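Per-entry structural report
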Amino acid sequence: MARERTITARFSSERRYFENTIGKEFDFTSSTGPYEYLLGALSGCFYGTLASFPRESGWKEMEIRVTGRKREEVPTTLRHTVLDITVYGAEDEEEVRALIGRASEECSIFATISKVSMMEVNTSFRS
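One structure accompanies this document, and this report is about it.

About the criteria used
Residues numbered from 1 in each chain as written. Predicted model: local features only at pLDDT ≥ 70, side-chain atom pairs only at ≥ 80, totals over all residues. Heavy atoms only, no water. Helix = DSSP H or I, 4+ residues; strand = E, 2+ residues; numbered from the N terminus. Contact = heavy atoms within 4.5 Å. Polar contact = N/O pair within 3.5 Å; in protein donor to acceptor, adjacent residues only side chain to side chain. Pairing = 2+ DSSP bridges. Axes fitted to C-alpha atoms, helices over the stretch in contact; angles between N-to-C directions. Salt bridge = Lys/Arg side-chain N within 4 Å of Asp/Glu carboxyl O. Buried < 20%, exposed > 50% of the residue type's maximum accessible area, 1.4 Å probe, protein only. Core = buried A, V, L, I, M, F, W, Y, C linked by side-chain atoms within 4.5 Å.

1. Considering the environment of Asp 84
- Assignment of secondary structure puts Asp 84 in strand S5 (residues 78-88).
- Separated by 28 residues in the primary sequence, Asp 84 and Glu 56 place their C-alpha atoms 23 Å from one another.
- Not counting the four nearest positions on each side in its chain, Asp 84 is found in contact with Glu 63, Ile 64, Arg 65 and Asn 122.
- Engagement of the side chain of Asp 84 in a polar contact is seen with the side chain of Asn 122, the distance being 2.9 Å.

This is the structure in structure tokens:
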């Protein structure tokens, strides 16, 4: 069954924001605009996909830093997107690397962005 997601965006001279269906508001500011939300959505989708896989071991925490470089020409889509993933307290690094590889194949937002952007995933481990 397909899941439908809806946001409502409002733009006025006083405020620019969007809200989800439960009324949680997210402001568009000079440092949190559409691309920051897109990159945030990518990190959330990627982690959600990764965490949904069955696995033998786990990790304590994961940080996903996403950097996107836009094209100069119109349309100014992303041209290079980098996910720097730091995994803390991994019990089995080889398994985590395999799961991250699988997530890069199955995450829907990653797949969508990859249609216009070169995608790069870097993984490091910390105790």
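What follows continues from the structure just given.
2. What to know about the sheet that holds strand S3 (residues 25-27)
- Taken in spatial order, the three strands of this open sheet run S1-S2-S3, and their pairing is antiparallel. The sheet is open, and its two edges are formed by strand S1 (8-11) and S3, each paired on a single side. Going across the sheet, the axis of each strand differs from the next one's by a mean of 20 degrees, ignoring polarity.
- Pairing between strand S2 (residues 16-19) and S3: three bridges, direction antiparallel. Bridge assignment links Tyr 17 to a residue of S3, and that residue is Asp 27.

3. Examining the pattern of salt bridges
- Counted according to the given criterion, the structure contains five salt bridges.
- Of the charged contacts in the structure, one is a salt bridge between Arg 10 and Glu 19, with a shortest N-O distance of 2.9 Å.
- Its relative accessible area of 39% is what places Arg 10 among the partly exposed residues.
- Across the pair Asp 27 and Arg 15 runs a salt bridge whose closest N-O atoms are separated by 2.7 Å. Taken together, the positions of Asp 27 in strand S3 and Arg 15 in the loop between S1 and S2 put the pair 12 residues apart, joining distant regions of the chain.
- Here Asp 27 falls in the partly exposed class, since its relative accessible area comes to 32%.
- Salt bridges sharing common partners tie together Arg 15, Glu 25 and Asp 27.

4. Focus on the pairing of S1
- Alignment of S1 against S2, held across four bridges, turns out to be antiparallel. Bridging across to S2, Arg 10 finds its partner in Tyr 17.
- The antiparallel hairpin formed by S1 and S2 contains four residues in its connecting segment.

5. Notes on the nonpolar core
- One finds Leu 42, Phe 46, Leu 50, Leu 83, Ile 85 and Val 87 to be the most contacted residues of the largest nonpolar core, which totals 23 residues.
- Only helix H1 (34-52), strand S4 (61-70), S5, helix H2 (93-106), helix H3 (108-113) and strand S6 (118-126) provide two or more residues apiece to this core.

Remember, this is a structural readout, not a statement about activity or role.
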